[in-house]
Amino acid sequence: MNDLELLDDLLAHPSTWAEPPPELEDMVVWAVAEATVPMQTDARTRRRWRRAASALAVAAVLAATLVVGATVVIGSSSNGDYAGDLRATGLAPGAHASVVITHTDAGFRVNLHARRLPPLEHGEFYEAWLKDAAGTLVPIGTFSSSNGRVTLWSGVSPRDFPTLTITIEPSDNNQASSGQRVLMGDVHAR
Amino acid sequence: MQRARERVRPEPRTRPRPSRDDLEAFRRGDPAGTRALYQSYGRLVYAVAHRVLGSHELAEEATQQTFVRAWQAADRIDVDRDPAAWLATIAKRSAIDIYRREARRPKRALADVPADDPALVTLPPDLGALDAVWRVRHAIDELPADEATVVRLQHLDGLTQHEIAERLGLALGTVKSRSHRAHQRLAAVLAHLREAPA
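Residues numbered from 1 in each chain as written. Chains lettered and ligands numbered in written order. Predicted model: local features only at pLDDT ≥ 70, side-chain atom pairs only at ≥ 80, totals over all residues. Heavy atoms only, no water.

## Things to note about the overall build of chain B
Convention followed: Only DSSP runs of H or I covering at least 4 residues are called helices, and only runs of E covering at least 2 are called strands; the numbering of each starts at the N terminus. The buried label applies to any residue whose accessible area, calculated with a 1.4 Å probe on protein chains only, is under 20% of its type's maximum; exposed applies above 50%, and partly exposed to all values in between. Between two residues, a contact is recorded if the distance between any of their heavy atoms is within 4.5 Å. To measure how exposed things are, a 1.4 Å probe is used in the Shrake-Rupley method; for residues, cover is taken only from the protein chains shown.
In terms of helices and strands, chain B carries nine helices and zero strands. Secondary structure of chain B in N-to-C order comes out as α-α-α-α-α-α-α-α-α. The buried share of chain B, taken over its 198 residues, is 44%. The contacts of chain B with a sequence gap of at least 6 include a subset with a gap of at least 24, amounting to 70%. When the accessible surface of chain B is summed, it comes to about 10600 Å², and 52% of that surface belongs to carbon and sulfur atoms.

Set out below in structure tokens:
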């Protein structure tokens, strides 16, 4: 491929023109700030981190046990109509979640099992959203547990809104997403 | 006439390369330093990540990871040099790591996948192509906005110059001259691509 052909190829490729969303700048700044925290702590704080890490390891074992049990329970009651795994963003290293969505007469029941979400500051909460290909966000509920199972409800179908994201929101009377995504992923029909 | 044309030319859309103070602030973990570095290179990192991963969500994740890794290695930054090549390397590695992670993730039962499905053959992304994406995207962002618009309509949207003139409400000659100037700048960027990869 000569230079002109290469240039044509690059200019015709959508990735060359891909624009990051405006909120990504804040997400990057936040992710780097989060990464700096352990490095800036003093020895005493580092000891507290180690104790917390030990406690987290024990909690992880318990959580794994619960996951196995919960999987059996869900499997025996309902397999759901859609399912997916949510990945952590740079704002929440180590976080993850699984989701099972069941179509009912009342709407779509969203069973979310989240693990190791970052702790909330005073006045903050988690909010779940479904998003379609055009980027339209539909809120499907709020919660405050960083580890565990919550049930949310959606009035729109995951077939049309297949991307599920979890954000951290401040209590600021602003109904729009803060853009501070901690988990995201697609759900698929089973 | 030349001076008059330059006076009305829109500004390029990227911030200039970060200053020594910006890079020192980034090395200290100061959010202002991170913001400065992102404003200079965030779009380039994102374009490379999108080329590797083909998904906006994953490209966002790779972009965040790139800057976190850059900070973790910030003690190796030479604050007197342009960090573009160093950051481009981290961006490519971050995107490829996520690409490999995603390639390992089972998406559906293997029995349901045809034997010739490209997903069964995991090819590493072409690093040379990623260098080209970085440099061409940088060149596009350096173009005046009116020239970048013409190039985008011509190549990405596949419009003819007549159609571009109609859509933008411009004379055909104006579209031609903007296109010519923009392509000259882009070709100059690519002329050095093979000798000095990002």
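Don't stop here, the text continues.
## Points about the pattern of salt bridges
Residue and element names in this part refer to chain B. Defined as follows: Should a side-chain nitrogen of Lys or Arg be within 4 Å of a carboxyl oxygen of Asp or Glu, the pair is scored as a salt bridge.
A full pass over the atoms with the stated rule returns 20 salt bridges over all chains. Note that Asp146 is salt-bridged to Arg178, the shortest N-O span being 3.6 Å. Separated by 32 residues along the polypeptide, Asp146 in helix α7 (residues 145-155) and Arg178 in helix α9 (residues 172-191) bring together distant segments of the chain. The salt bridge partner of Arg181 is Glu147, with a shortest N-O separation of 2.9 Å. With a gap of 34 residues between them, Arg181 in helix α9 and Glu147 in helix α7 connect regions that are remote in the sequence. Given a relative accessible area of 22%, Arg181 falls into the partly exposed group.

## A short note on the interface of chain A and chain B
Quick reminder of the rule: Defined here as a combined quantity, buried area equals the accessible surface (1.4 Å probe) lost by two parts on assembly, summed across both. For the purposes of these results, a polar contact is taken to be a pair of N or O atoms within 3.5 Å, where, inside protein, one atom must be able to donate a hydrogen and its partner to accept one; residues adjacent in sequence count only when each atom of the pair is a side-chain atom.
Contact residues are listed per partner, giving 40 residues for chain A and 45 residues for chain B. Considering only the side of chain A, the residues that lose the most area to chain B are Trp17(A), Glu25(A) and Arg87(A), jointly responsible for 18% of the buried surface there. Taken together, chain A and chain B are joined by seven salt bridges. Between Arg181(A) and Glu60(B) there is a salt bridge whose closest N-O contact spans 2.3 Å. Inspection of the chain A/chain B interface yields 12 residue pairs in polar contact (both at pLDDT 80 or more).

## A word on the nonpolar core
Stated precisely, the cut-off is as follows: The definition of a nonpolar core used throughout is a set of buried Ala, Val, Leu, Ile, Met, Phe, Trp, Tyr and Cys residues joined through side-chain atoms within 4.5 Å.
Of all hydrophobic cores here, the largest spans 85 residues; its most connected members are Leu112(A), Ile166(A) and Trp134(B). A per-element tally of this core places helix α3 (residues 31-53) of chain B first, with 11 residues. Discounting residues that sit within four places of it in the chain, Leu112(A) has contacts with Leu86(A), Ala97(A), Ser98(A), Val99(A), Phe143(A), Gly148(A), Arg149(A), Val150(A), Leu152(A) and Ile166(A). Core analysis: the next-biggest nonpolar cluster, separate from the first, contains six residues, Val150(B), Leu153(B), Ala165(B) and Val175(B) among them.

## Details of the confidence of the model for chain B
Residue and element names in this part refer to chain B. The test is simple: Confidence scores here are pLDDT values: one per residue, from the predictor, ranging 0 to 100.
Mean pLDDT for chain B: 82, with 78% of residues reaching 70 or above. Taken element by element, chain B is modelled with least confidence in helix α1 (residues 2-8), mean pLDDT 38, and with most confidence in helix α8 (residues 161-168), mean pLDDT 95. Overall, residues 1-11 carries pLDDT values under 50, and its contacts beyond four positions in sequence, including any with other chains, amount to nine contacts. Scored by ipTM, the complex comes to 0.80, with pTM at 0.57.

## Focus: the environment of Gln72(B)
Residue and element names in this part refer to chain B. Of note, Gln72 is situated in helix α4 (residues 56-72). What makes Gln72 exposed here is its relative accessible area of 52%. For the pair Gln72 and Gly29, spaced 43 residues apart in sequence, the C-alpha to C-alpha distance is 9.5 Å.

## With respect to the environment of Ser15(A)
Relative to the elements of secondary structure, Ser15(A) occurs in helix α2 (residues 14-17). In contact with Ser15(A), not counting residues within four places along its chain, are Ala47(B), His50(B) and Arg51(B). At 2.7 Å, the side chain of Ser15(A) forms a polar contact with the side chain of His50(B).

## Focus: the packing of aromatic side chains
Residues and elements named next belong to chain A. Stated precisely, the cut-off is as follows: Side-chain rings of Phe, Tyr and Trp (the six-membered ring for Trp) are treated as a pair once their centres are within 6.5 Å; stacked means planes under 30 degrees apart, edge-to-face means over 60, and tilted covers the remaining angles.
Counting across every chain of the model gives four aromatic pairs over all chains. Geometrically, the ring pair formed by Tyr82 and Phe108 is edge-to-face, given 6.4 Å between the ring centres and 65° between the ring planes. Within this pair, whereas Tyr82 is found in strand β1 (residues 82-88), its partner Phe108 is found in strand β3 (residues 107-115), the two being separated by 26 residues in sequence. Across the pair, Phe108 and Tyr82 agree in class, each one buried.

## Examining unusual backbone geometry
All names here are of chain A. Phi is positive for Asn173, close to 65°, though the residue is something other than glycine. Note that Asn173 resides in the loop between β7 (163-170) and β8 (181-186). Residue Asn173 is classed as exposed on the basis of its relative accessible area, which comes to 74%.

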